[in-house]
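So you can see what is in the structure, the chains are spelled out below.
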Amino acid sequence: MNAAQDPEDLDLAARAAVTIGRPADALRLLWLAPDTLPRIMSHFADVEPIDERVAQWSMEAPLGRTLRWRTQIEEKASDHLAWTSLDGADVPNAGALQFAPAPGDRGTEVTLDVRFDPPGGLIGEGVAKLFHVVPREMVLKALYNFRALALTGEIPTTEPQPAARNGGMDK
Amino acid sequence: MRALCWNGVNDLRVETVADPKILNPKDVILKVGLSTTCGSDLHLIDGLIPTMREGDILGHEFMGEVVEVGAEVTKVKRGDRVVVPSFVSCGECFHCAQEQYSLCDTSHPKPELAEPILGYPTAGIYGYSHAFGGYSGAHAEYVRVPFADVDCFIVPEDVSDETALFISDAAPTGYMGADFCNIQRGDIIAVWGCGGVGLMAQQSAMIMGAEGVIAIDRYPERLAMAEALGAVAIDYTKVDVVELLKELTGGRGPDACIDAVGMEASGQGMEQAYDRVKQALYLETDRGYALRQAMMACRKGGTLSVLGVYGLMDKFPMGMIINKGLTLRSAQQHGQAYVPRLLEHAQRGELTPAPLATHRFSLEDGPKGYDMFKHKTDGCLRAVFAP
Ligand SMILES: NC(=O)c1ccc[n+]([C@@H]2O[C@H](COP(=O)([O-])OP(=O)(O)OC[C@H]3O[C@@H](n4cnc5c(N)ncnc54)[C@H](O)[C@@H]3O)[C@@H](O)[C@H]2O)c1
Ligand SMILES: [Zn+2]
Ligand SMILES: [Zn+2]
């Protein structure tokens, strides 16, 4: 992915990495497990696996809009996964995941890239109006969630009691 | 249940809120036995640490009884009387493996709030703003504790509730601060601040074999408590602290200096005026007198152990560190690394935190307790709440 070449596109592409103290093959298996994407992406979109390669994404976007797309995994190497959205996506996008050995006994470096290519009408509104979570935050949090899941089997959460009142169970 | 909630700067209220539930399989629910105020809460109450939301439950220093256990909890059982360190730590990640529990990689539910400020998120903390995870705090009848097998420590029968309470935060923080000093034979340790953390740092330095401990504060009752622990006490409003420390150490300066004051430090004179104006304008959240004084007083090649909490301070005299070859050590407390040892010290009578509990309140009187703690009314060192 070459988002950096076009500064105007920067906000619509994002890359982040985390190091996880587990071997790459175990992490790859976990990423591909059917309930992983729905769990680690829940801050961004609802993901529903259709089959081993295809997943259905839907997102409540700002202005009461719902955005939908399907992704399909195109490349499945031992150190690399890549996917793109299928025809008819509300917001065409592509993503890739890279596994590389971390130095010493630190495990595996996991790098996630995403890029969104909204159609002309949508892009004029800017990324903040398009998504409630910007791509930078989307990848970062997905990776933190993935690391937590890989190491502890759970994803840290305070929902539904982040606070006593606002957003709490009393709501 | 009833809980003590933050509603805005200097606005605490006790409210009825929903009971916490098990959310993840390694969680337990604790029936809070005792919880207490900490100097760190003052930063939240004073509005110096942002990202609090109305209705957030405060409290990160607590002990209690396990009443509900998640499906994957194997060691902790219903009915266990436990103490829990302030930071949520998973026990599985790179940092937990190195006993850097407050740096846990996996326990922060909102890393996107912390990463822009610090580069990487810390561990989550109970009741300590959303940038630190947004976990509900322990000034309540019940509190949810994640990673219970790692974070709950069973309190031995011969350790009282009050002693166990402070082994949640004040004691491990002070002990870690003394541990940072790598105390050698003949070392003299100076500690700024005689609140719960400072007093525990002083006692820990003695446990670790310091030749002498010098305690600095301005409140007579706190200085008297330091003396009762065996420290030499100094009132910083009455003397030139740096000169006196030189005098007390044969001109060498203390081998290590511990800052147990933090960003609400009070000072005197011009420096105070400068810092106060900036803090009032929110240009700068920190008043660093104690820290700057500690740097000046510390002997060459000595250790500066910073426990006091700071924001993003400017006007930091880096030249002191480089020219004097000081070692700077600092962290939020890695409680899980120290709790077992501290419980043993308490059993042997070497660690005596219970006297920190100068005032006891029902949870309903929480706002009054915080007010007395903040203003040190009636010699209040720590307000302890029993729901
Ligand atoms: N690192 C951690 O994990 C951790 C844990 C708990 C508390 N803390 C921090 O430690 C600090 C102390 O906590 P506490 O609960 O003991 O607070 P506290 O408010 O009870 O005590 C602070 C003491 O510092 C004294 N003080 C103020 N200005 C001073 C000065 N210029 N010189 C000497 N003493 C001065 C005050 O009189 C007071 O007695 C706070 O900043 C708190 O946030 C850090
Ligand atoms: Zn504290
Ligand atoms: Zn951890």
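All values derive from a computational prediction rather than experimental measurement. (Residues numbered from 1 in each chain as written. Chains lettered and ligands numbered in written order. Predicted model: local features only at pLDDT ≥ 70, side-chain atom pairs only at ≥ 80, totals over all residues. Heavy atoms only, no water.)

Q: Outline the interface of chain A and chain B, listing residues and values.
A: When the parts come together, some accessible area is lost, and that loss is often what is quoted as the size of the interface. Opposite the 27 residues of chain A that make contact, chain B presents 41 residues. Both faces combined, the contact of chain A with chain B buries some 2700 Å², and carbon together with sulfur accounts for 51% of it. If you look at where chain A meets chain B, you find 3 salt bridges. A salt bridge links B:Asp105 to A:Arg147, with the shortest nitrogen-to-oxygen separation between them at 3.5 Å. (Contact = heavy atoms within 4.5 Å. Buried area = accessible area lost by both parts, 1.4 Å probe. Salt bridge = Lys/Arg side-chain N within 4 Å of Asp/Glu carboxyl O.)

Q: Describe the coordination of the zinc ion (ligand 2), naming the residues involved and giving the relevant values.
A: The expected angle between donors at a tetrahedral four-coordinate metal is 109.5 degrees. At an octahedral six-coordinate metal it is 90 or 180 degrees. All names here are of chain B. Surrounding the zinc ion (ligand 2) are the protein donor atoms Cys38 (SG), His60 (NE2) and Asp169 (OD), at 1.8 to 2.3 Å. Mapped onto the sequence, the donors of the zinc ion (ligand 2) take the spacing C-x21-H-x108-D. Of this pair, Cys38 sits in the loop between β3 (28–36) and α1 (39–45) while Asp169 sits in the loop between α5 (161–166) and α6 (170–180), and the two are 131 residues apart along the sequence. One exposure class covers both Cys38 and Asp169, and it is buried. (Donors = N, O, S within 2.8 Å, 3.2 Å for Na, K, Ca; no water. Helix = DSSP H or I, 4+ residues; strand = E, 2+ residues; numbered from the N terminus. Buried < 20%, exposed > 50% of the residue type's maximum accessible area, 1.4 Å probe, protein only.)

Q: Now, about the packing of helix α5 (residues 135–152) of chain A against helix α3 (residues 111–118) of chain B: what can you tell me, with residues and values included?
A: Here α5(A) crosses α3(B) at 110°, and the two axes come no closer than 10 Å. In terms of orientation, α5(A) lies roughly perpendicular with respect to α3(B). Every residue of α3(B) that contacts α5(A) at A:Arg136, A:Glu137, A:Leu140, A:Lys141 and A:Tyr144 is listed here: B:Pro111, B:Glu112 and B:Glu115. Among the residues making up the contact of α5(A) with α3(B), the classes are represented as 3 nonpolar, no polar and 5 charged. (Axes fitted to C-alpha atoms, helices over the stretch in contact; angles between N-to-C directions. Parallel < 35°, antiparallel > 145°, perpendicular 65-115°, else oblique. Nonpolar A, V, L, I, M, F, W, Y, C, P; charged D, E, K, R; others polar.)

Q: Residue-level account of the coordination of the zinc ion (ligand 3), with values.
A: Residues and elements named next belong to chain B. Only Cys90 (SG), Cys93 (SG), Cys96 (SG) and Cys104 (SG) from the protein reach the zinc ion (ligand 3) as donors, at distances of 2.3 to 2.4 Å. As a motif over one chain, the donors of the zinc ion (ligand 3) read C-x2-C-x2-C-x7-C. Pair noted here: Cys90 is in the loop between β7 (87–88) and α2 (94–97) and Cys104 is in the loop between α2 and α3, with a separation of 14 residues, a long-range link. Both residues of the pair, Cys90 and Cys104, belong to the buried class.

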